[in-house]
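Listed below are the residues making up each chain.
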Amino acid sequence: MKAILILSGGLDSSTLGYYLKANNYSELICLTFDYGQKHIKEINSAKIIAEKLNAEHRLIELSLLKPILKGSNSSLTNAAVAVPHGAYTKENMASTVVPNRNAMMLTLAWTIACVEEADVLAYGAHAGDHYIYPDTRPDFFTAINNALRLGTEDLNAKNLNLIAPFINKTKSEIVTIGANLNVPFALTWTCYEGGDIHCGLCGACHGRKDAFFQANIKDPTIYRN
C-alpha cells in the first residue's frame, strides 16, 4: 500500500513514518514544508528520517506564504516574537500557533495523494497538542477529512482517507511506540529555536523531555540546557 506522510522531522511524524512502514505501507512518500519556520533544521532531520525509511522525500517550498506568515504574531515565523521558554502549556505556547498551518499543508498533501493514487494521507496530530493547536483536534480532523474527500470526489483513489493514528495518544505514548519500532530519536528535531542543538528551554523541548521521562525511556537528545 502507498502512504503520503507529512514529515516535519519531529518525534511524532518520524514515529508515524515507522508506524506506517510496520503496518504494510511499503511505499511511502514524505512531504516536508518550508513555510519560513525559525526551526529550519527540522527539514534536514526530515530528509534523514526519510532516508532511514527508504522513502521518497519531497520538500514543498511555500515561498509565496513566507512574507504573509512573517507578519503574523506567531513566534515560529515572526523574528520579532520570541519563542516561549518554559512549560508546554496552552498559555505559554499560544504564540507558537501558525494560522491555518495544518489546513494548508493537508490541502496540498491531499492533492499529491490524489495524483499519486495513494491509499492514505497521514499526519502526526496527537492528544498532547489538542489544547494548544486547533488543527490537531479530532473535530478538525473529521471536518477536513470530509472536506478533502468531497472536494475531490471521483478524482481520488476510492478509499483515500486522511489518517492520524496518534490523535488520541499522548506524546509519551508515542515515545513508547517509537522505541518499540526502533525510531532513531536522536536524529529527530523538536526545538523551536533556530540553533544547532536543542535549546532545552523552549516549550517544545520541555514537552520532549517530559515525554521521555513519562515513558521511562532514555532521552538520547543533546540539549544546550
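Relevant structure appears above.
Residues numbered from 1 in each chain as written. Predicted model: local features only at pLDDT ≥ 70, side-chain atom pairs only at ≥ 80, totals over all residues. Heavy atoms only, no water.

Some details on the pairing of strand β1 (residues 2-6)
(1) Moving on: Counting buried positions along β1 yields five of five residues, so the element is predominantly enclosed.
(2) Moving on: By the alternation rule, side chains of β1 split into Lys-2, Ile-4 and Ile-6 and Ala-3 and Leu-5, which are all buried.
(3) Moving on: Bridging between β1 and strand β2 (residues 27-34) involves five bridges; their strand directions are parallel. Counted as the bridge partner of Ile-4 is Ile-29 from β2.
(4) Moving on: Viewed along the sheet, the connection from β1 through helix α1 (residues 11-22) into β2 turns out right-handed. (Buried < 20%, exposed > 50% of the residue type's maximum accessible area, 1.4 Å probe, protein only. Helix = DSSP H or I, 4+ residues; strand = E, 2+ residues; numbered from the N terminus. Pairing = 2+ DSSP bridges. Right-handed = clockwise from strand over helix to strand, strands pointing away.)

Some points on the nonpolar core
(1) Moving on: By size, the foremost hydrophobic cluster in this structure holds 45 residues, and its most contacted members are Leu-121 and Tyr-123.
(2) Moving on: For this core, the secondary structure elements donating two or more residues are β1, β2, α5 (101-115), α6 (138-151) and α8 (203-215).
(3) Moving on: Ranked by the residues each element gives to this core, the list is headed by α5, at nine residues.
(4) Moving on: Not counting the four nearest positions on each side in its chain, Leu-121 is found in contact with Ile-4, Ile-6, Leu-106, Ala-109, Trp-110, Ala-113, Leu-160, Asn-161, Leu-162 and Ile-163.
(5) Moving on: Core analysis: the second largest hydrophobic core is formed by 26 residues, Leu-53, Val-183, Phe-185 and Phe-212 among them. (Core = buried A, V, L, I, M, F, W, Y, C linked by side-chain atoms within 4.5 Å. Contact = heavy atoms within 4.5 Å.)

Digging into the pattern of salt bridges
(1) Moving on: A full pass over the atoms with the stated rule returns five salt bridges.
(2) Moving on: Here Lys-2 ties to Glu-27 by a salt bridge, and the two come within 3.5 Å at their closest N and O atoms. One end of the pair, Lys-2, is in strand β1; the other, Glu-27, is in strand β2, and 25 residues separate them in sequence.
(3) Moving on: The class of Glu-27 is partly exposed, set by a relative accessible area of 41%.
(4) Moving on: Lys-2 is the partner of Glu-116 in a salt bridge, and the nearest nitrogen-oxygen pair spans 3.3 Å. With Glu-116 in the loop between α5 and β4 (120-122) and Lys-2 in strand β1, this pair connects stretches of sequence that are 114 residues apart. (Salt bridge = Lys/Arg side-chain N within 4 Å of Asp/Glu carboxyl O.)

Details of the packing of α1 against helix α7 (residues 171-180)
(1) Moving on: Where α1 meets α7, the axes come as close as 10 Å, and the angle between the chain directions of the two elements is 40 degrees. On the basis of the axis angle, α1 is oblique to α7. Judged by the sense of rotation from one axis to the other, the crossing of α1 with α7 is left-handed. In contact with Leu-11, Asp-12 and Thr-15 of α1, α7 contributes Lys-171, Ile-174, Val-175, Ile-177 and Gly-178.
(2) Moving on: Residues belonging to the contact of α1 with α7 are distributed by class as follows: four nonpolar, two polar and two charged. (Axes fitted to C-alpha atoms, helices over the stretch in contact; angles between N-to-C directions. Parallel < 35°, antiparallel > 145°, perpendicular 65-115°, else oblique. Left-handed = near helix turned anticlockwise from the far one by under 90°. Nonpolar A, V, L, I, M, F, W, Y, C, P; charged D, E, K, R; others polar.)

Observations concerning the side chain of Asn-78
(1) Moving on: With respect to the helices and strands, Asn-78 occurs in the loop between α3 (66-70) and α4 (90-93).
(2) Moving on: Residue classification places Asn-78 among the buried residues on the basis of a relative accessible area of 14%.
(3) Moving on: Only 2.8 Å separates the side chain of Asn-78 from the backbone oxygen of Ser-72, close enough to count as a polar contact.
(4) Moving on: Separated by 2.9 Å, the side chain of Asn-78 and the backbone nitrogen of Ala-80 make a polar contact.
(5) Moving on: With residues near it in sequence (within four places) discarded, Asn-78 still touches Lys-38, Lys-70, Gly-71 and Ser-72. (Polar contact = N/O pair within 3.5 Å; in protein donor to acceptor, adjacent residues only side chain to side chain.)

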